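Chain residues, written in single-letter form:
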Amino acid sequence: MTLLETERVAVSPLRCGTTPRRGGRGRAGHFFVAGYALLLLAFGVVPTGYSFYLAFTNDRGQFTGLNQFVKVVQDYRFGPAFTHMLIYLLLWLVALVVLVVLVAVILRSRVRPGTSALFRFLYYIPGALAGVASVLVWLFMLDPDVSPVSWLLKSMGMGTFAAVLAPANLPWILMLIAFWTGAGGWMVVMYGALNNIPDEVLEAARMDGAGPWRTAWHIQIPMIRQWIVYMTIMAFATGTQLFVEPQLLQTASLGRVSPTWSPNQLAYVYAFQQGDFNGAAAISVVLLAVGLLAAGLLVARSNLFKLDES
């Protein structure tokens, strides 16, 4: 064996132990992913498959085709519930995208790093509250008899709790609750995305005469577009699952809010008040289809999963 061959053997992967370490890392990765995969299977895939089974059968397990979907669509409560949800989603998504990106850009460009950290912490605090707790806080804020901003409510012609919870006000109220709870966390995410933009790019824009707003519109926002699309998809999915907030408002208002205000509430009524789990499953499948369609359109138009070529 020549000296060169001896050196090659000495530094081979098997002798150095490179392959076993790589295999160990692979097994560790599979171990960590396995927990998520099992939970996804148990609480995501299996319930979804069972919902599809219920949606296409009757209470005796007989295949009925689209009969369950026809039944729920013809329900007089179906149209208003989905209309309420779509109005709420429009308000919620517009407020979320515009204000979150705006605040993140201001924090990144106008506020000193130490101060911005304080602001990010304050924005995130409401997100630490559960949905039920957030609704209870807002019930206190929206009651003119005890609210610290009762003067504002009365100046808007809402002198009683019933007037505040008028049907026309509900999408705005639910949007405010959702924004107060969820926007702060997304502000932190968008701020982190803006921090990933190289300083050289921003410096070049300043040297070319671009001011803060032109830099934000033409450079920062386009460079975090995929994060904005991701936020929109997640917020849309969360918005279609609206249940806790209108349900608690309905209870607190002693029935002034419709118990079938949102599609999820209608599905709840079908399942637990009418005992019609097949109809409830059909509503769930419709919501799933709406969410998948919206997500698919956003992903296709934004190239969300397109890899950077380098």
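Quick look at the structure, then.

Conventions we followed
Residues numbered from 1 in each chain as written. Predicted model: local features only at pLDDT ≥ 70, side-chain atom pairs only at ≥ 80, totals over all residues. Heavy atoms only, no water. Core = buried A, V, L, I, M, F, W, Y, C linked by side-chain atoms within 4.5 Å. Buried < 20%, exposed > 50% of the residue type's maximum accessible area, 1.4 Å probe, protein only. Helix = DSSP H or I, 4+ residues; strand = E, 2+ residues; numbered from the N terminus. Contact = heavy atoms within 4.5 Å. Salt bridge = Lys/Arg side-chain N within 4 Å of Asp/Glu carboxyl O. Axes fitted to C-alpha atoms, helices over the stretch in contact; angles between N-to-C directions. Parallel < 35°, antiparallel > 145°, perpendicular 65-115°, else oblique. Phe/Tyr/Trp six-rings, centres within 6.5 Å; stacked < 30°, edge-to-face > 60°.

### Some words on the nonpolar core
Here's step 1: One finds Tyr-88, Trp-92, Leu-96, Val-100, Met-190 and Leu-249 to be the most contacted residues of the largest nonpolar core, which totals 69 residues.
Here's step 2: Top contributing element to this core by residue count: helix H5 (residues 78-110), with 16 residues.
Here's step 3: Apart from residues lying up to four places away in sequence, Val-100 is in contact with Ala-95, Ala-183, Trp-186, Met-187, Met-190 and Met-231.

### Describing the pattern of salt bridges
Should the charged atoms of two oppositely charged side chains come close, the side chains can pair.
Here's step 1: Going through the model one piece at a time under the given rule, you end up with four salt bridges.
Here's step 2: Here Arg-60 makes a salt bridge to Asp-59, at a shortest N to O gap of 3.8 Å. Taken as a pair, Arg-60 and Asp-59 share a single burial class, namely exposed.
Here's step 3: The partner of Asp-75 in a salt bridge is Arg-77, and the shortest N-O contact between them spans 2.8 Å.

### Structural notes on the packing of helix H13 (residues 225-240) against helix H16 (residues 277-302)
Here's step 1: Packing of H13 against H16 leaves a shortest axis separation of 10 Å and a crossing angle of 175°. In terms of orientation, H13 and H16 fall into the roughly antiparallel class. Only Leu-287, Val-290, Gly-291, Ala-294, Ala-295, Leu-298, Val-299 and Ser-302 of H16 make contact with H13, whose side of the interface consists of Arg-225, Val-229, Thr-232, Ile-233, Phe-236 and Thr-240.

### Points about the side chain of Thr-215
Here's step 1: Counting through the fold element by element, Thr-215 comes out in helix H12 (residues 212-223).
Here's step 2: Aside from chain neighbours lying at most four places away, what touches Thr-215 is Leu-202, Ala-205, Ala-210 and Gln-220.

### Quick look at the side chain of Arg-77
Here's step 1: For Arg-77, the location among the structural elements is in the loop between helix H4 (67-73) and H5.
Here's step 2: The exposure class of Arg-77 is buried, given its relative accessible area of 16%.
Here's step 3: In contact with Arg-77, other than residues within four places in its own chain, are Thr-260, Leu-266, Val-269, Tyr-270 and Gln-274.

### Things to note about the packing of aromatic side chains
Here's step 1: With the rule as written, the count across this model stands at ten aromatic pairs.
Here's step 2: Their ring planes at 55° and their centres at 5.2 Å tell us that Phe-56 and Phe-69 sit as a pair that is tilted. On the criterion of sequence distance, the pair formed by Phe-56 in the loop between helix H3 (18-55) and H4 and Phe-69 in helix H4 is long-range, its members being 13 residues apart.
Here's step 3: Under the relative-accessibility criterion, Phe-56 is labelled partly exposed at 25%.
Here's step 4: When its relative accessible area of 13% is taken as the criterion, Phe-69 is described as buried.
Here's step 5: Here the aromatic rings of Trp-138 and Trp-180 are separated by 6.3 Å at their centres, their planes lie at 80°, and the arrangement is edge-to-face. Here the residue Trp-138 occupies a position in helix H7 (residues 131-142), and Trp-180 occupies one in helix H10 (residues 170-195), the gap between them amounting to 42 residues.
Here's step 6: You can call Trp-138 buried: its relative accessible area is 16%.
Here's step 7: According to the relative accessible area criterion, Trp-180 is partly exposed, its value standing at 29%.

### As for the environment of Tyr-88
Here's step 1: For Tyr-88, the location among the structural elements is in helix H5.
Here's step 2: If we ignore the near neighbours within four places in the chain, the residues touching Tyr-88 are Pro-171, Leu-174, Met-175, Ala-178, Gly-239, Leu-242 and Trp-261.

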